Amino acid sequence: ARMLRVIGREVVERIETLEKPVITAIEGWCIGGGTGIAWIGDIRIASDTAKFRAGDAYLGIIPTWSIGMVRLVHFLGRNRTLGLLLLGEDIDAAAALELGLVTRVVPAGEFNEQVAQIAARLATAAPMSVKAIKLAVRAQYRDNTDRAAQLEEEWCTRIWASEDKNEGIAAFKEKRQPRFKGR
């Protein structure tokens, strides 16, 4: 059981620290550890058929992958987290959107197409900018706002001196898609 917890935490940490944006796409039921993976995604797309349950307390256990007990309060706030974890009720896609657990809810018939469109859009973002944003947002709840501000300044200096910044501005002026290289 301990090894499963360690592996689960490692998966969550890897998703959160990956330099590229991570999309989690949820259709149907998402329960227990599945919520840990679904909710850590940078962009979380749910089909209107998605249903979530964080009912660990009703199994005599607690969440163990450092989502429910560690990160969720930072995502939702104290009161919403307690309501979700203590009540352990089923949450449909609309309620998950209202809570902020998912980024977007799409009709089941358009699900794969919408996820592909979002992935295609994210693939055009500047890699250095994505990395900087992910690091600074993570620092806001893992460290503090002062650390996030420090990261922001460090990355501003790097990005404003980058080829990608020059390419992004040139592409905007020329009304074309930028060709980012990650440098």
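Attention here is on the structure that accompanies the text.

Here is what the cut-offs are and how they apply
- Residues numbered from 1 in each chain as written.
- Predicted model: local features only at pLDDT ≥ 70, side-chain atom pairs only at ≥ 80, totals over all residues.
- Heavy atoms only, no water.
- Helix = DSSP H or I, 4+ residues; strand = E, 2+ residues; numbered from the N terminus.
- Expected span 1.5 Å × (residues − 1).
- Buried < 20%, exposed > 50% of the residue type's maximum accessible area, 1.4 Å probe, protein only.
- Arc of directions from axis to C-beta.
- Pairing = 2+ DSSP bridges.
- Axes fitted to C-alpha atoms, helices over the stretch in contact; angles between N-to-C directions.
- Salt bridge = Lys/Arg side-chain N within 4 Å of Asp/Glu carboxyl O.
- Core = buried A, V, L, I, M, F, W, Y, C linked by side-chain atoms within 4.5 Å.
- Contact = heavy atoms within 4.5 Å.
- Parallel < 35°, antiparallel > 145°, perpendicular 65-115°, else oblique.
- Nonpolar A, V, L, I, M, F, W, Y, C, P; charged D, E, K, R; others polar.

**Focus: helix α1 (residues 2-17)**
No. 1: Counted at 1.5 Å a residue, the expected span for α1 with its 16 residues is 22 Å, and the 22 Å between its end C-alpha atoms agrees.
No. 2: Looking at α1, one finds that the buried residues are G8, V12, I15 and E16. Burial along α1 is one-sided: seen end-on, the buried residues are contained in an arc of 100°. Seen from the buried face of α1, the exposed residues on the opposite side, beyond 90 degrees, are R2, M3, E10 and R14.

**Some words on the sheet that holds strand β3 (residues 43-47)**
No. 1: On the basis of which strands lie adjacent, the open sheet formed by three strands has the order β1-β3-β6 and parallel pairing. With one partner strand each, in any of the chains shown, β1 (23-26) and β6 (104-106) form the two edges of the open sheet. Between one strand and the next, the sheet's axes are offset by a mean angle of 20°, whatever the strand orientation.
No. 2: Bridge count for β3 against β6 is three bridges, and the pairing is parallel. Across the sheet, residue S47 finds its bridge partner in β6, namely V106.

**Details of the pattern of salt bridges**
No. 1: Across all of its chains, the model carries twelve salt bridges by this definition.
No. 2: Its salt-bridge partner being E16, residue R71 comes within 3.1 Å of it at the nearest N-O pair. Taken together, the positions of R71 in the loop between β4 (51-53) and α3 (72-76) and E16 in helix α1 put the pair 55 residues apart, joining distant regions of the chain.
No. 3: Here K131 and E19 are joined by a salt bridge, their closest N and O atoms 3.0 Å apart. Here the residue K131 occupies a position in helix α7 (residues 127-142), and E19 occupies one in the loop between α1 and β1, the gap between them amounting to 112 residues.

**Points about the nonpolar core**
No. 1: W39, F52, L72, L84 and L101 are the most contacted members of the largest nonpolar core, which has 24 residues in total.
No. 2: Sorting the residues of this core by element identifies α1, α2 (33-40), α3, α4 (78-87) and α5 (93-99) as the ones contributing at least two each.
No. 3: Setting aside anything within four residues of it in sequence, one finds F52 in contact with I26, W29, C30, T35, A38, W39, E89, D90, I91, A96 and V102.
No. 4: The next biggest cluster of nonpolar side chains, apart from the first, holds seven residues, and it includes A132, L151, W155 and I159.

**Some remarks on the packing of α7 against helix α8 (residues 145-160)**
No. 1: Where α7 meets α8, the axes come as close as 8 Å, and the angle between the chain directions of the two elements is 170°. One element, α7, and the other, α8, form an angle in the roughly antiparallel class. In this structure, α7 uses M128, S129, K131, A132, L135, A136, A139 and Q140 to contact α8, whose residues at the interface are R147, A148, L151, W155, R158 and I159.
No. 2: Within the contact of α7 with α8, the residues separate by chemical class into nine nonpolar, two polar and three charged.

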